[in-house]
Amino acid sequence: MKALTMVAPGELAMTDVPEPGNEGVLLQVEMVGLCGSDLNSYRGNNPMVSYPRVPGHEIAATVLEGSEKYPAGTRVTVSPYTSCGCCPSCRNGCVNACEFNQTMGVQRDGALTERIRVPEEKLYTSPSLGLRELCLVEPLTVGFHAVARGRVTESDTVAIFGCGGVGLGAVAGSAFRGAQTIAIDQDDEKLEIARAAGAGHLINTRREDAAVKLKEITGCGPDVVIEAIGLPETFRMAVEQVAFTGRVVYIGYAKQPVSYETKLFVQKELNIMGSRNALAGDFREVIAMLEAKRFPVEKAISAVVGMDEASDYIARWAANPAAMKKIMVQVR
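## Focus: the nonpolar core
Of all hydrophobic cores here, the largest spans 48 residues; its most connected members are Ala-183, Ile-226, Met-289, Leu-290 and Phe-295. The set of elements that each furnish at least two residues to this core consists of helix H3 (131-149), strand S8 (157-161), helix H4 (165-176), helix H5 (188-196), strand S11 (224-227) and helix H9 (280-291). Broken down by element, this core gets its largest block of residues, 10 residues, from H3. Core analysis: the second largest hydrophobic core is formed by 36 residues, Tyr-42, Val-54, Tyr-70 and Ile-116 among them.

Below is the structure:
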């Protein structure tokens, strides 16, 4: 069967790959979304990827050979992670942070191919969601998981640094829980999508001082700050701007060491947390949010392209990342 393969950094090609084995539920892949990790893999900047690699972990598919729970013809999305069951994270029930996780399209081949098999417990479905919505579930879960890590409630004020795909999920997750939600970015288009996803306040840091605006909006600082950019300055700003006894959640990776004024950790008695991947509850919460029509699906998608067009679009995306939000590849 055919697959779109990253044969080397910057090089994509249609290749022939073997049919999937016999383990798990057989799926016909319908649509695959691409995210920043796929772009990093294409550029050769993802240290977890070896080549050749079939990308794709944001999946909408149809069951071909099903089970009682997922009969043939059911449209599903997929949790693309593995868990060993033995490491400390798995023993603590945090399978999302498995020490030996292998994500589809990263440490193992992904879904930009015709058919795949996955364990039944990795499947999620909704009779009311279409392919594009199902394809958005997994990327949104990453932000929703950060919101869960931050223990966000309707009584909180939450500031999210970064309104890319992951940050947008955090905006939607915070708003879905009823929190006052502040979206921070440098791109007006992304900020308007964040508004449509539930942000009540927008801060464009090209024109406004985030610290000043957060003080105006909150008085004492946000109860929760979620960092979804990965820059040293926003790592520091999260700690500086969060309220006393607040919670800071980091999703982004800083690409260089970050220096802090650590007395703020103690003086504010902060809870500082990392957030990785997602759990089953995050998938269910995102599906409920999408079923409630609480997310601007079409505004979040830049293009839906066929397999034969995908290489060209990814190259254009790599040349100008700010020009595109979400590319979805129609496999069938």
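Next comes the rest of the account.
## Some points on the pattern of salt bridges
Scanning the model with the defined rule gives 17 salt bridges in all. Put simply, Lys-326 and Glu-58 hold a salt bridge, and the shortest N to O gap is 2.8 Å. Taken together, the residues span a long stretch of sequence, with Lys-326 in the loop between helix H10 (307-319) and strand S15 (327-330) and Glu-58 in strand S4 (residues 58-65) at a distance of 268 residues. Glu-58 carries the same exposure label as Lys-326, and that label is buried. Arg-132 is paired through a salt bridge with Glu-298; the nearest N and O atoms lie 2.9 Å apart. With Arg-132 in helix H3 and Glu-298 in the loop between H9 and strand S14 (303-306), this residue pair connects regions lying 166 residues apart in the sequence.

## Some points on the sheet that holds strand S9 (residues 180-185)
Taken in spatial order, the 6 strands line up as S10-S9-S8-S11-S12-S13 in an open sheet, and their pairing is parallel. Each edge of the sheet is formed by a strand with only one pairing partner; in this case those strands are strand S10 (201-204) and strand S13 (271-274). Across the sheet, the mean angle from the axis of one strand to that of its neighbour is 15°, orientation sign disregarded. Bridge count for S11 against strand S12 (residues 247-250) is 4 bridges, and the pairing is parallel. In the strand pairing of S12, Val-225 is matched with Val-248.

## Some thoughts on the environment of Gly-221
As for its placement among the helices and strands, Gly-221 is situated in the loop between helix H6 (210-218) and S11. Judged by its relative accessible area of 13%, Gly-221 is buried. Separated by 22 residues in the primary sequence, Gly-221 and Ala-243 place their C-alpha atoms 4.4 Å from one another. Residues contacting Gly-221, with those up to four places away along its chain left out, are Gln-241 and Ala-243.

## Thoughts on the side chain of Thr-62
Here Thr-62 shows up in strand S4. Among the residues examined, Thr-62 registers a relative accessible area of 13% and is labelled buried. Side-chain polar atoms of Thr-62 contact the side chain of Glu-30, separated by 2.8 Å. Beyond its immediate chain neighbours, meaning those up to four positions away, Thr-62 contacts Leu-26, Leu-27, Gln-28, Glu-30, Gly-73, Thr-74 and Arg-75.

## What to know about the side chain of Thr-181
Its location among the elements puts Thr-181 in strand S9. Taking the relative accessible area as the measure of exposure, Thr-181 reaches 1% and is therefore buried. Within the structure, the side chain of Thr-181 is placed 2.7 Å from the side chain of Ser-174, a separation counted as a polar contact. Sequence-distant contacts of Thr-181, defined by excluding residues within four places in its chain, comprise Val-158, Ile-160, Val-171, Ser-174, Ala-175, Gly-198, Ala-199, Gly-200 and His-201.

## Brief notes about the pairing of strand S3 (residues 25-34)
Counted residue by residue, S3 has 10 buried out of 10 residues, so it is predominantly covered. Of the pairings in the sheet, the one linking S3 to strand S6 (residues 115-118) comprises 4 bridges and is antiparallel in character. Each bridged residue has a counterpart across the sheet, and for Val-25 the counterpart in S6 is Val-118. Alignment of S3 against S4, held across 7 bridges, turns out to be antiparallel. When the sheet's bridge partners are listed, Val-32 is paired in S4 with Ile-59. Note that S3 and S15 share 4 bridges and pair antiparallel. Considered in S15, the bridge of Met-31 is made with Gln-330.

Rules used in this analysis
- Residues numbered from 1 in each chain as written.
- Predicted model: local features only at pLDDT ≥ 70, side-chain atom pairs only at ≥ 80, totals over all residues.
- Heavy atoms only, no water.
- Core = buried A, V, L, I, M, F, W, Y, C linked by side-chain atoms within 4.5 Å.
- Buried < 20%, exposed > 50% of the residue type's maximum accessible area, 1.4 Å probe, protein only.
- Helix = DSSP H or I, 4+ residues; strand = E, 2+ residues; numbered from the N terminus.
- Salt bridge = Lys/Arg side-chain N within 4 Å of Asp/Glu carboxyl O.
- Pairing = 2+ DSSP bridges.
- Axes fitted to C-alpha atoms, helices over the stretch in contact; angles between N-to-C directions.
- Contact = heavy atoms within 4.5 Å.
- Polar contact = N/O pair within 3.5 Å; in protein donor to acceptor, adjacent residues only side chain to side chain.

Purely geometric numbers; function is a separate question.
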